[in-house]
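# Analysis of the macromolecular model
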Amino acid sequence: MIALVDGDSFYVSCERAFDPHLEGLPVGVLSNNDGCVVARSRELKALGVAMGAPLHQLPPAIRRQAVLLSSNYALYGDVSRRMNQVLAEFSPAVELYSIDESFVHFSGFDPGALEAHCQRLRETVRRWTGIPAGVGLAPTRVLAKLANRLTKREPAYEGVCRLEADSDATRRLLERLPVAELWGVARRTAERLQLMGIETAWQLRQADPKWIRGAFSVVLERIVWELRGHPSIELENMLQPRQRILVSRSFGRLSDALADLQAATRQHATRAAEKLRRQGSLARAVLVFVRTNPHRLQDAQYANSHVVALPEPCNDTPTILAAARRALAAIFLEGHRYQKCGVMLLDLVDAERRQLSLLEEPADARRRDRSRRLMAALDHLNREMGRDTVRFGLPHQDNAWALRCQRRTQRYTTCWKELVTVKTG
Amino acid sequence: MSLVPLSALRIVGRTATSPTPQYLPLLGCRVRAGFPSPADDHLDGDLNLHEYVVRRPASTYFVRAEGDSMQGDGIHDRDLLVVDRSLEPLPGRVIVIAVDGELTVKRLAHQRGRTVLLASNPRFAPIPLEGRECHVWGVVTHVIHALPGAPA
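None of these values were measured; they are calculated from a predicted model.

### Considering the overall build of chain A
Scanning chain A from N- to C-terminus turns up 14 helices and 14 strands. For 425 residues, the compact-globule formula gives about 22 Å, and the C-alpha radius of gyration of chain A, at 22 Å, lands near that figure. Judged by the C-alpha coordinates and their principal axes, chain A covers about 70 × 60 × 50 Å. Expressed as a percentage of its 425 residues, the buried residues of chain A come to 57%. Put simply, of all contacts in chain A between residues at least 6 apart along the chain, 68% involve residues at least 24 apart. Per element, the accessible surface of chain A, about 19,300 Å² overall, is 50% carbon and sulfur. Where the 62 positive side-chain charges of chain A centre and where its 48 negative ones centre are 3 Å apart.

What follows is the structure, given as structure tokens:
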């Protein structure tokens, strides 16, 4: 069995964990410079504020009621790291999928005891980090993702929902689920499926896998198998939804050399930046993770991750490389045999809809324009002449790392001067 | 002013002279039960204060105390507190608790069948928890107090 564990309204929950005043209030987290809402509490959603809504378009009445904070990636990254450490107490095989979601593998565990195990896991995440989490438990990733979504809709599950591949409950669920809402099914694929008469997840499950592979792709065929309860998808092969990009790979052999991790991180970051530009997005932060091989019981285990916020939403390879390099430097520990590392681009925004910052200088615009043309030329060369025809040797120096973030809360867990204050009187 | 007799002090070892600064999030590694801990090799080595006060890195947080009402427990204004969120808030323990949204540090106690928060300064009356919006945030395990004249 596999569990997908995610933190509810993750950024907002991180803020609430350190400032209990925020409990019950409509809270939103904004991107650092351009003022879009990137996370919403339940209360803010109830006020009708949409994901990605620009701050300046919110009605004054809502702005008065709501608490709107700049994103505090140092805090979110640290809480995410702690959450994964808690998960590692419950299973040796934890896979980071995004800053607020991880897959936890339970092969070899007693299936009958798994729900109780997951309830303890959830309670422990809550106690140790303050984050309310949901756990979707199922035989495959695609079903686990669905089960996780049910925990959000049905409070009766108390945060842990288990879906079997062949139960009536799963069948009823799949029959009602539009195929477009399945994890890994892109919108355009869903439209083509509908033209062929496949409108629900259940119809996709019943389709002939070979035919699906021929008419669509291997990935969609694998989704069919996953819906039937046969694990077929590796994270690396998974289509990424437009909100995040993940590039990671296991090393061919274990390595304890910083240079190896740097080279791999650089390659992943380069690839992630290419994907980002291809889909016309900008990223706001870069997460890097490393881990040892959890199946080598004789080795000391280590897994860690770190998030670096970008100075502004961007798709510029050198900037992303520099951030990834800093993130890796923050978590690399000597003396471990690493098996895997990965780069995740977080909180993506449409490049077209990016708003100009009020603080922007003409020089910034010129620099961005130059970067845009450089990246376009680079992508063109690499597309025409083959991957890695043109590459970045070393990223340019970090220059403007200071973020403009007037509404940012304290970096409660990573900065001595910004710790939580507790009153004695 | 009297000198502390030397017999009252016991030397336990050298402090770590790690050239790299130790930050809180650094201890990410877990050691599987039943296998030798890599830390065993260092038992006769340097002492690391972080290892001493942080038992569970994932659930341990540093917070800053404000105010003087917990001086009886050795907690002074501006002291650094080590808080472990994984520990049970048992009576007698000093805890961080959110009372009506405010994080406060107090000793948890039972008095005449009621759960109360005690300040360690007798001028403050016990705070009964009934009827208040509150939830435990964590348990204070250590206080780090800088003495007058110590560099900040």
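Additional details are given in the paragraphs that follow.
### Section: the sheet that holds strand 8 (residues 160-162) of chain A
Residues and elements named next belong to chain A. Pairing is mixed in the open sheet, where five strands are placed in the order 5-6-1-7-8. Taken across any chain shown, the strands that pair with only one partner, and hence form the sheet edges, are strand 5 (94-98) and strand 8. Put simply, the sheet's adjacent strands are angled 20° from each other on average, direction ignored. Sheet topology note: the strand 1 (residues 2-7)/strand 6 (residues 101-105) ladder contains five bridges and is antiparallel. Paired with I2 across the two strands is H105, which belongs to strand 6.

### A closer look at the interface of chain A and chain B
A common way to state how big an interface is: give the accessible area lost once the parts meet. Tallying the contact residues gives 36 residues for chain A and 44 residues for chain B. Overall, the association of chain A and chain B removes approximately 3,500 Å² of surface from exposure, summing both partners, and the carbon and sulfur fraction of that is 54%. For the interface between chain A and chain B, the tally reads two salt bridges. Across the pair K423(A) and E102(B) runs a salt bridge, and its minimum N-O distance is 3.2 Å. In this structure, the connection of chain A to chain B is made through 23 residue pairs in polar contact (both at pLDDT 80 or more). At the level of elements, helix 1 (10-18), helix 4 (73-90), helix 5 (114-129), strand 11 (303-314) and strand 14 (420-423) of chain A are the ones that each hand at least two residues to the side of chain A that touches chain B. Class assignment of the residues belonging to the side of chain A that touches chain B gives a composition of 18 nonpolar, eleven polar and seven charged. Both strand 14 of chain A and strand 1 (residues 60-66) of chain B contribute to a ladder of four bridges, which runs parallel. Looking across to strand 1 of chain B, one finds that K423(A) is bridged to E66(B).

### Topic: helix 7 (residues 168-176) of chain A
Residue and element names in this part refer to chain A. Along helix 7, the residues that are buried comprise T170, L173 and L174. Angularly, the buried residues of helix 7 cover 95° about the axis, an arc narrow enough to put them on a single face. For helix 7, the exposed residues set more than 90 degrees away from the buried face come down to D168 and R176. In this fold, the buried residues of helix 7 make contact with helix 6 (141-153), helix 9 (201-206) and helix 11 (218-227).

### A word on the confidence of the model for chain A
Averaged over every residue, the pLDDT of chain A is 89; residues scoring 70 or more account for 91%. Here residues 394-403 of chain A is a poorly scored stretch, pLDDT under 50, and it has 24 contacts once near neighbours within four places are set aside; other chains count.

### Remarks on the pattern of salt bridges
Under the defined criterion, the tally for this structure stands at 25 salt bridges over all chains. Across the pair E95(A) and R141(A) runs a salt bridge whose closest N-O atoms are separated by 2.8 Å. One end of the pair, E95(A), is in strand 5; the other, R141(A), is in helix 6, and 46 residues separate them in sequence. Looking at R141(A), the relative accessible area reads 4%, which means it is buried. R127(A) is the partner of E88(B) in a salt bridge, and the nearest nitrogen-oxygen pair spans 3.4 Å. A residue pair is termed interchain when its members come from two chains, as with E88(B) in the loop between strand 2 (80-84) and strand 3 (94-99) and R127(A) in helix 5. On the basis of relative accessibility, which here comes to 44%, the residue E88(B) falls in the partly exposed class. Relative accessible area serves as the criterion here: at 26%, R127(A) is assigned to the partly exposed category. Bridged by salt links that share partners, the residues D6(A), D8(A) and K152(A) form one connected network.

### Some points on the pairing of strand 5 of chain A
All names here are of chain A. Burial analysis of strand 5 places five of its five residues in the buried class, which makes it a mostly covered element. Both strand 5 and strand 6 contribute to a ladder of four bridges, which runs antiparallel. Note that in strand 6 the partner of S98 across the bridge is E101. Connecting strand 5 to the next strand, strand 6, in antiparallel fashion are two residues.

### Points about a nonpolar patch on the surface
On the surface, L195(A), M196(A) and W211(A) cluster together to form a nonpolar patch covering roughly 360 Å² of accessible area. On the secondary structure map, M196(A) appears in the loop between helix 8 (187-195) and helix 9.

### Some details on helix 5 of chain A
With 16 residues, helix 5 of chain A should cover 22 Å at 1.5 Å per step; its first-to-last C-alpha distance of 22 Å lies within 8% of that length. The set of residues buried in helix 5 of chain A consists of L114(A), H117(A), C118(A), L121(A), T124(A), V125(A), W128(A) and T129(A). Projected down its long axis, helix 5 of chain A shows its buried positions confined to an angular sector of 120°, all on one face. Looking at the buried positions of helix 5 of chain A, the neighbouring elements they touch are strand 1, helix 1, helix 4, strand 7 (133-138) and strand 8 of chain A together with strand 1 of chain B. Remark: G130(A) follows helix 5 of chain A within two positions and exhibits a positive phi of approximately 85°.

### Quick look at the sheet that holds strand 4 (residues 67-70) of chain A
Strand pairs in the sheet, formed through backbone hydrogen bonds, run parallel or antiparallel to each other. Residue and element names in this part refer to chain A. Read across the open sheet, the three strands follow the order 3-2-4; overall the sheet is mixed. Whereas interior strands pair on both sides, the edge strands pair on one side only; in this sheet they are strand 3 (37-40) and strand 4. Direction aside, neighbouring strands of the sheet carry axes that sit 30° apart on average. Lying over the sheet, helix 1 contacts strand 2 (27-30), strand 3 and strand 4, oriented at roughly 110° with respect to strand 2.

Cut-off values and rules
Residues numbered from 1 in each chain as written. Chains lettered and ligands numbered in written order. Predicted model: local features only at pLDDT ≥ 70, side-chain atom pairs only at ≥ 80, totals over all residues. Heavy atoms only, no water. Helix = DSSP H or I, 4+ residues; strand = E, 2+ residues; numbered from the N terminus. Rg over C-alpha atoms; globule rule 2.2 N^0.38 Å. Buried < 20%, exposed > 50% of the residue type's maximum accessible area, 1.4 Å probe, protein only. Contact = heavy atoms within 4.5 Å. Areas by Shrake-Rupley, 256 points an atom, 1.4 Å probe, with all protein chains shown as cover. Lys, Arg positive; Asp, Glu negative; His and termini not counted. Charge placed at Lys NZ, Arg CZ, Asp CG, Glu CD. Pairing = 2+ DSSP bridges. Axes fitted to C-alpha atoms, helices over the stretch in contact; angles between N-to-C directions. Buried area = accessible area lost by both parts, 1.4 Å probe. Salt bridge = Lys/Arg side-chain N within 4 Å of Asp/Glu carboxyl O. Polar contact = N/O pair within 3.5 Å; in protein donor to acceptor, adjacent residues only side chain to side chain. Nonpolar A, V, L, I, M, F, W, Y, C, P; charged D, E, K, R; others polar. Arc of directions from axis to C-beta. pLDDT = per-residue confidence, 0-100. Patch = residues over 30% accessible without salt bridge, like charges linked within 9 Å, V, L, I, M, F, W, Y side chains within 5 Å. Expected span 1.5 Å × (residues − 1).

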